[in-house]
Amino acid sequence: MPALTLREILALDPVRAAEPELLAGHTALDRPVRWVHSSEVYEGANFLDGGELLLTNGFGLMDADDEVRRRYVRELASRGVAGLAVEVGRSLPAMPAEVVDEAHRRELPLLAMHRVVPFVRITEAANRAIVARGLSGRSVVRPWGDDHTAALLADLADRAALNQPEVEARAALAGFHPGPGARLVGVSLHGTREVGTVDRAVRLLGGAGVLRAAFPGDVLALLALPGARRGDPVKAVQEVFRKAADPGLTVAVGHAVSASQGGWLRWSDTLRAARTTLELALTVPAAEPGVPDGPLVTSSRALALERELTRGGLDANRERLSALVHHTLGPLLTWEASHSSDLVRTLETHLRNGCSPTRTAALLHIGRQSLYQRLERIETLLGLDINDSDLLGELLTATCAHRLVERPSGARPATTAPHFKRTA
C-alpha cells in the first residue's frame, strides 16, 4: 500500500475544516507526505528531512521583505517538503503574491488556510493516518509478523530514526497512554516466546500500562507505572517478575525514566539498558548466587559496573581490563594459582555488600570466622586495608573486571544477544 498523499491529507476532516485553498503546486497533490509539522521558525528549513507538510500561521511572513519571502519558499522546496500550508486572515491578512509566485516556480504545493483550526488537531489526525497507513502497508518483513507493537518496540530498542510525534502516535495506536507523571521501565526476558509472563507481572503491579511483544527467543516490554505510585519503580518491577516468571527465565529490568521528560529517547534508553543488561546476565557469571530453582531477575543498576566496563564490547576491552586486574589484584591471583581458595570472589562479595561480614558470610555459605580469616589473608597479600574508603572503587572495579575476563568454567556459555532489527 503506498504512502499517504497530500491529496488524502487534504481530505481529512480537521484539514477540510480549515477551508484550504490550493494556490500553487496543483500537479503535485499525489506527493507522499512523510509527516506533518507546525513551525513558526522561518530559518528552520535545514531541520527538515523532506516529505513534510509544513503548517504555519504566517506571522513571520508579515514584516519580511519580498526576497526573504521568496528565499523561504526556495529553501523549503530545496529540502523536498511535500507542501506549505499558511493560515491567512488572522496574523497574515492575505497570501503574499511573491510567495505564490515562487511556489509556482518551484512546483511547491501552497495552501491558504482560511479558517482557524488548532494545528494540533490537524497534525494529530494527519500523523495518525500516516502511521496507520505505514504500518498496514509495511513492506519490510519482520520475523515476528505484522505486529504494530513489536514494530514500535523494535524501533525504540534499536534507536531507529524517529521523532516524538511519531512515537506518541504509534504508541497511541497500540493503546499505550502513559499518564501524567508516569514512570517507564524497560524489561527484556529470555527463555520464552510468550508474553504471558509480562501480562502476569502487569496484573500484579495493578494499574500499569504496557507495550509488550514476543521476538524470536525473547520478549521485550515497556511498562508505565502511574505517577501516584509510591516507592522505587525498578524494585517494584523486579519483585513482580520474581513472582510471575517461571524457573529458568532470565529477566533484565532497565532504569526508570519519566514518560513526559526527555521524549522518546528516554523511552529508548530504558529499553536499551534492559537489552544490554540481559546480554550481560546471559554471558557473564553473576557476582552473587541467584535464588535456587527460580528465575534470574536482575537490573541495569545491579550490573551498572559491568555495563560500563564492557561498553563497546567485552573483546574490545579485554586487554585493558586484564591489565587492571593484574595491577590491582596480582598478589591474590598468584596465591590462587597455587592454593585452593576463593579470595577474589570473597573480596568482591564483601565490597558489594557494604563490607558487612554477616551478609558476606551468608552469601558465601561460610562461617563468620572463616570469612575473617579470608579477609585477613587478602589484606596481608595486598598489603592494604580493604576498608579504606579510597580503595573501595578501585578494588570493586578490579574484582568485577576479573569476573568478566577470567570467566570460570562454571559460568554460563555465551548466548546470542537479543536481536530486534528488521530483516529484509
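Since the model is a prediction, treat every value here as computed from it, not as a measurement.

Colleague: I'd like a description of the environment of L48, backed by residues and values.
Modeller: Relative to the assigned elements, L48 resides in the loop between β2 (35-38) and β3 (52-56). According to the relative accessible area criterion, L48 is buried, its value standing at 10%. Sequence-wise, L48 and L76 are 28 residues apart; in three dimensions their C-alpha atoms are separated by 8.3 Å. Once residues lying within four places of it in the same chain are set aside, the contact partners of L48 are H37, L54, L76, R79 and V81.

Colleague: Break down the packing of aromatic side chains for me, citing the residues and quoting the values.
Modeller: Evaluation of the coordinates by the stated rule reveals one aromatic pair. Note on F176 and W267: the rings are 5.9 Å apart at their centroids and 85° apart in plane angle, and the pair reads as edge-to-face. One end of the pair, F176, is in the loop between α8 (164-173) and β6 (183-190); the other, W267, is in helix α11 (residues 264-283), with 91 residues separating them in the sequence. Overall, the relative accessible area of 3% leaves F176 in the buried class.

Colleague: Help me get a handle on the pairing of strand β9 (residues 250-258), residues and values and all.
Modeller: Of all nine residues in β9, eight are buried; the element is thus mostly enclosed. With seven bridges joining them, β6 and β9 adopt antiparallel strand pairing. Each bridged residue has a counterpart across the sheet, and for V187 the counterpart in β9 is V253. In the sheet, β9 pairs with strand β10 (residues 296-299) via four bridges, with the strands oriented parallel.

The rules behind these values
Residues numbered from 1 in each chain as written. Predicted model: local features only at pLDDT ≥ 70, side-chain atom pairs only at ≥ 80, totals over all residues. Heavy atoms only, no water. Helix = DSSP H or I, 4+ residues; strand = E, 2+ residues; numbered from the N terminus. Buried < 20%, exposed > 50% of the residue type's maximum accessible area, 1.4 Å probe, protein only. Contact = heavy atoms within 4.5 Å. Phe/Tyr/Trp six-rings, centres within 6.5 Å; stacked < 30°, edge-to-face > 60°. Pairing = 2+ DSSP bridges.

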